[in-house]
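Coordinate inspection notes
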Amino acid sequence: MDITPPRTHTQTSTDELQMLQELVAKFVDRELMPLEPAVLRRESEGGRYTLTAEEEAPLLARCRELGLWGLDVPEDLGGANLSAVALMVAEEEVARTVVPFAFPPDSPNLHMMLQVANEDQRERYLRPYADGRLKSGIAISEPGAGGDPAGMTTRAVKEDGGWVINGRKIWVSRMGSADFTIVMARTGEGKRQEGVTAFLVDKGTPGFIVEREIPMIGGRRTYELVFEDLRVPDSQVLGEVGRGYAPMQLRLNVRRLQIGARCVGIARRALRMMGEHALQRTTFGQRLADRQAIQWWIADAATRIHACRLMVRDGAARLDAGQDVRTEASMIKVFATEMAQEVVDQAMQTLGAMGMTKEMPLQLLAQQVRVSRVYEGPTEVHRMAIARRVLKTIDQV
């Protein structure tokens, strides 16, 4: 099964990576961090965990000005065509803040579409999507097939000139803003990974029903969708009929690498907060920074952050080289989320009651990491997949 990227990214030198890291770090410190108090206040008062239009517009304009738009978008679509390694550098930096902002467009959906979109779809969807004129979503999980996308039952049946889709999806993100959604549906029989097809469905298409909005921890929201005799023409098939699982898997791999990079950024923020507080706080006549328990937490956090960053960049380099990174992506997903959860928890413990307040970003970071242990495949499913692949090649270990 071919799930490797179909194109070559611009190679990024060490100096270029350093320059990118510094540029994004300055953007985060100067443009995003000042918005944190307002974001935290809205979230603590029960408001939406989001940026207002007035807050987001200058950020998007600043991104265009600095060249922080379409980082891994091909040059012919107006992007910088940076490598996956470079993308992970940017993801790590932007994850240091709880301000809900990401450099557009949404990279995993981009990679899936780049692999299989035809020329007509590139012009109608991919080009305006890469330019920020359209937003996308993807519907994969189902009530009975969450961590097992190969077990999906939503079905598309062929009719003259098109398809009729019936079924249900859940845990779908961005339905409040998506202009189109990539809908995964079963179109054939056979093996569980065969007969899955991707369809491009425009917002407002009859039969495309947003059933409900589901509030999640970490300020996130997902949606449940229902498809009732949803009709789409043949032109909306993304890629080949019955061969949509592999491109979807590529999309998931990119997202898992991103989660790894974001966990590094989250853990870095937690470590900094823990260290700064430990240097200032004195209890029973001794600084927290001088207590062995806190020192070991800090030492272990710094060590595991370093290891996780190396894992992420290695996985990204392999992806850039066109290698199959399913196992590495699973390893990163497991290691990064568990590492970040422990570091954030220890930071909260170090700060004591202050670490429990909604005035601090730690509670949101903790919730977001917790969600990440389920998003894009639960930890247990990834461990099962890692073990299965390792056992197949145990003589090479």
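So, here's what we can say about the structure. In this numbering scheme, every chain counts its residues from 1 along its sequence in written order. Restriction of local features to residues with pLDDT of at least 70 applies here, the model being predicted, together with a cutoff of 80 or more for giving and counting side-chain atom pairs; totals for whole chains, interfaces and linings are based on all residues. Side-chain numbers here rest on the full set of heavy atoms in the structure, without hydrogens or water.

**Section: the overall build of the chain**
- Secondary structure summary: the chain contains 11 helices and 10 strands in total.
- Here the globule rule reads 2.2 Å times residues to the power 0.38, and the radius of gyration is calculated from C-alpha atoms. The C-alpha atoms of the chain give a radius of gyration of 22 Å, which matches the 21 Å a tight globule of 397 residues would have.
- For the C-alpha atoms alone, the extent of the chain along its principal axes is close to 80 × 60 × 40 Å.
- When accessible area is computed with a 1.4 Å probe and restricted to protein chains, residues below 20% of their type maximum are described as buried, those above 50% as exposed, and intermediate ones as partly exposed. The buried share of the chain, reckoned over its 397 residues, is 52%. Secondary structure counts use DSSP, requiring at least four H or I residues in a row for a helix and at least two E residues in a row for a strand, with both numbered from the N terminus.

**Quick notes on the side chain of threonine 205**
- Along the chain, threonine 205 falls in the loop between strand 5 (196–202) and strand 6 (208–215).
- For threonine 205, the residues in contact, after removing those within four places along its chain, are Leu230 and Arg231. Contacts between residues were defined by any pair of non-hydrogen atoms, one from each residue, lying within 4.5 Å.

**Regarding the packing of aromatic side chains**
- Pairing of aromatic rings covers Phe, Tyr and Trp, the last through its six-membered ring, and needs centres within 6.5 Å; plane angles under 30 degrees mean stacked, over 60 mean edge-to-face, and all others mean tilted. Taken as a whole and assessed by the stated rule, the structure comprises 7 aromatic pairs.
- Taking the centre distance of 6.0 Å and the plane angle of 90° together, the rings of phenylalanine 101 and phenylalanine 103 count as edge-to-face.
- Sitting over the face of the ring of tryptophan 69, arginine 64 holds its NZ or CZ atom 3.6 Å from the ring centroid.
- Whether a charge sits over a ring depends on NZ of Lys or CZ of Arg being within 6 Å of the ring centre and within 35 degrees of the ring normal. One Lys or Arg, lysine 158, reaches over the ring of tryptophan 163 and ends 5.6 Å from the middle of that ring.

**Focus: helix 11 (residues 379–392)**
- Helix span is expected to be 1.5 Å times the residue number reduced by one. Taking 1.5 Å per residue, 14 residues should reach 20 Å; helix 11 reaches 20 Å between its end C-alpha atoms and fits that length.
- Three or more residues of helix 11 are buried, namely Thr379, His382, Ala385 and Ile386. For helix 11, the angular spread of the buried residues around the axis is 125°, confining them to a single face. Turned more than 90 degrees away from the buried face of helix 11 sit Glu380, Leu391 and Lys392, all of them exposed.
- Buried positions along helix 11 lie against helix 7 (245–280) and helix 9 (326–351). Taken from the helix axis, the directions to the C-beta atoms give the arc we talk about.

**Digging into the pairing of strand 2 (residues 155–159)**
- Two strands make a pair as long as DSSP finds a minimum of two bridges between them. Sheet analysis places strand 2 next to strand 3 (residues 162–173), joined by 5 bridges and oriented antiparallel. Residue pairing for strand 3: lysine 158 is matched across the bridge by tryptophan 163.
- Linking strand 2 back to strand 3 in an antiparallel pair, the connection comprises 2 residues, with glycine 161 at a positive phi of about 75°.

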